[in-house]
Amino acid sequence: MVVLSKPAIHKSKHCPTFFPGVPLIDLSKPDSKTQLVKACEDFGFFKVINHGVPIEFIKELESEAVKFFSLPMSDKEKAGPPDPFGYGDKKIGPNGDVGWVEYLLLTTNNQSGYQKFASIFGEAAENFAVKKMACEILEMLADGLKIQPRNVFSKLLMDEQSDSVFRLNHYPPCPDFQESNGRNLIGFGEHTDPQIISVLRSNNTSGLQISLKDGNWISIPPDQNSFFINVGDSLQVMTNGRFKSVRHRVVANSSKSRLSMIYFGGPPLSEKIAPLPSLMEGGDSLYKEFTWFEYKKSAYKSRLADNRLGVFEKIAAS
């Protein structure tokens, strides 16, 4: 008999308080390109407003997600198991990671994936505006870095073979668990996202935390009207380490349900990922070249908290 361990309880010296310094970027402002670059360098994380994604579209998606997660377990399991797409519960990935979460992992890139997506989300699946916003942000970042062509990042998401994923995470309330002694019940363990960029939107329940460069964890105030953006490992490599993929996690809430929707913008499987020549100071690459397929395969074999890029880093000559 296989016994799943309970979701991890993380002990910390103190419960993080809400962090007021999350970069807030108005995409309609002329200086937003500069702010985007700075946020990717300093945090690897920021939130955007005036993003052009209709709020009705987001509410419709969320409404359909709430309906799905409210179904009896027997109905939800018909959408699973996640191999890799479908419904999953508690168990995250194949390597023993567990969390206080149930989730739905979907792709729209092949016919069967799109049909599963459309069967759950109906007409909301037709207008995937979040992808368009992610591409616009990537083009603004290219402008801010003075890289030509400006679609050097965004074309990887726009490609017909783009390996992008849509994920819904539902963290039910956990009334049996009381926060004490500075402990947190982990909803989703610490990790970085392997793709190029992640676009996150959650309901108004707290739980998201990011790790600062000094290793301290900070809690991000919820904001259901904005989108949070994460730099992924692949973008860190393409910028030769100038942008940092952010380590983040979710802690469970004892009284309120948390629902998050994340679009992970990934390149085609055969795409070679390497630092852009114009961003290699002195001509030195910090990373070995790899295909997205190779990196994805390597990441899938790892635990959530592993440094997935470690095996692809070039060791500096001593």
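Residues numbered from 1 in each chain as written. Predicted model: local features only at pLDDT ≥ 70, side-chain atom pairs only at ≥ 80, totals over all residues. Heavy atoms only, no water.

- Taking an unreviewed UniProt entry as the reference, the protein is identified by name as Fe2OG dioxygenase domain-containing protein belonging to Rehmannia glutinosa.
- Under the UniProt heading Sequence similarities (unreviewed entry), the note attached to the protein is "Belongs to the iron/ascorbate-dependent oxidoreductase family." (UniProt positions renumbered as here; feature names shortened; annotations may be inferred.)

### Some remarks on the layout of surface pockets
Thought 1: Of the volumes computed, that of the largest pocket is approximately 1000 Å³.
Thought 2: What lines the largest pocket is a set of 43 residues, and nearest its centre among them are Leu105, Arg167, Gln195, Tyr300 and Arg308.
Thought 3: When contributions to the lining of the largest pocket are tallied by element, the ones reaching two or more residues are strand E4 (86-92), strand E5 (97-106), strand E6 (165-171), strand E7 (183-191), strand E8 (197-202), strand E12 (248-251), strand E13 (258-265) and helix H8 (292-300).
Thought 4: Examining the composition of the lining of the largest pocket, we find that six residues originate from one element, H8, more than from any other.
Thought 5: Per-class residue counts for the lining of the largest pocket are 22 nonpolar, 11 polar and 10 charged.
Thought 6: In this structure, the second largest pocket occupies an estimated 430 Å³ of space.
Thought 7: If you trace the second largest pocket, you find 20 residues lining it, with Gln236, Lys244, Ser245, Val246 and Arg247 closest to the centre. (1 Å grid on protein atoms, 1.4 Å probe; cavity = no way out; pocket = protein on both sides within 12 Å on 5 of 7 lines; lining within 4 Å. Points joined across faces, edges and corners; volume = space filled by probe spheres on them. Helix = DSSP H or I, 4+ residues; strand = E, 2+ residues; numbered from the N terminus. Nonpolar A, V, L, I, M, F, W, Y, C, P; charged D, E, K, R; others polar.)

### Brief notes about the pattern of salt bridges
Thought 1: The final tally for this structure, using the stated rule, is 15 salt bridges.
Thought 2: The partner of Arg242 in a salt bridge is Glu41, with the nearest N and O atoms 2.5 Å apart. Highlighted residues: Arg242 in the loop between helix H7 (233-238) and E12 and Glu41 in helix H1 (residues 32-42), separated in sequence by 201 residues.
Thought 3: According to the relative accessible area criterion, Arg242 is partly exposed, its value standing at 38%.
Thought 4: One salt bridge in this structure joins Asp75 and Lys78, with 3.4 Å as the shortest N-O distance.
Thought 5: Shared partners join several salt bridges into a network, and the residues in it are Glu139, Asp143 and Arg150. (Salt bridge = Lys/Arg side-chain N within 4 Å of Asp/Glu carboxyl O. Buried < 20%, exposed > 50% of the residue type's maximum accessible area, 1.4 Å probe, protein only.)

### Brief notes about the confidence of the model for the protein
Thought 1: Confidence in the prediction of the protein, expressed as mean pLDDT, is 86, and 85% of residues score 70 or more.
Thought 2: Below pLDDT 50 for its whole length, residues 1-6 participates in four contacts with residues either more than four positions away or in separate chains.
Thought 3: Below pLDDT 50 for its whole length, residues 8-15 participates in 21 contacts with residues either more than four positions away or in separate chains. (pLDDT = per-residue confidence, 0-100. Contact = heavy atoms within 4.5 Å.)

### Some details on the environment of Met133
Thought 1: Position of Met133 relative to the elements: it lies in helix H5 (residues 129-144).
Thought 2: On the accessibility criterion, Met133 (1% relative accessible area) is buried.
Thought 3: Considering only alpha carbons, one finds Met133 and Val199, 66 residues apart in sequence, at a separation of 8.9 Å.
Thought 4: Excluding residues that lie within four positions of it along the chain, Met133 makes contacts with Val48, His51, Val53, Val199 and Phe227.

### Examining the sheet that holds E8
Thought 1: Spatially, the eight strands line up as an open sheet ordered E2-E3-E11-E8-E13-E6-E5-E4, and their pairing is mixed. Two strands lie at the open edges of the sheet, namely strand E2 (24-26) and E4, each paired on one side alone. Strand after strand, the sheet turns through a mean of 25° between neighbouring axes, direction not considered.
Thought 2: Here E6 pairs with E13 via seven bridges, running antiparallel. When the sheet's bridge partners are listed, His170 is paired in E13 with Leu259. (Pairing = 2+ DSSP bridges. Axes fitted to C-alpha atoms, helices over the stretch in contact; angles between N-to-C directions.)

### As for the side chain of Asp193
Thought 1: Following the sequence through the fold, Asp193 ends up in the loop between E7 and E8.
Thought 2: The buried charged residue Asp193 lacks any salt bridge, with Arg308 as its nearest oppositely charged partner at 5.9 Å.
Thought 3: Setting aside residues no more than four positions away along its own chain, Asp193 makes contact with Ser198, Asn230, Gly232, Asp233, His248 and Phe264. (Lys, Arg positive; Asp, Glu negative; His and termini not counted.)

### Some thoughts on unusual backbone geometry
The general pattern is negative phi for most residues beyond glycine and trans for most peptide bonds.
Thought 1: Of note, the bond from Gln148 into Pro149 is cis; its omega dihedral lies within 30 degrees of zero at -10°.
Thought 2: By the element assignment, Pro149 lies in the loop between H5 and helix H6 (154-158).
Thought 3: Residue Asn50 is not a glycine yet carries a positive backbone phi of 50°.
Thought 4: Mapping Asn50 onto the fold places it in the loop between strand E3 (45-49) and helix H2 (55-69).
Thought 5: Its identity is not glycine, yet Lys90 carries a phi of approximately 70°, on the positive side.
Thought 6: In this structure, Lys90 sits in strand E4.

### Re empty space enclosed by the protein
Thought 1: Under the counting rule described, the total for this entry stands at two cavities of 30 Å³ or more.
Thought 2: Considering the residues around the largest cavity, the lining is formed by Ile58, Leu61, Val130, Phe166, Val199, Arg201, Phe227, Met261, Ile262 and Tyr263.
Thought 3: Looking at the lining of the largest cavity, the elements with two or more residues in it are H2, E8 and E13.
Thought 4: Tallied by class, the residues present in the lining of the largest cavity amount to nine nonpolar, no polar and one charged.
Thought 5: Across the lining of the second largest cavity, the residue classes break down as five nonpolar, four polar and one charged.

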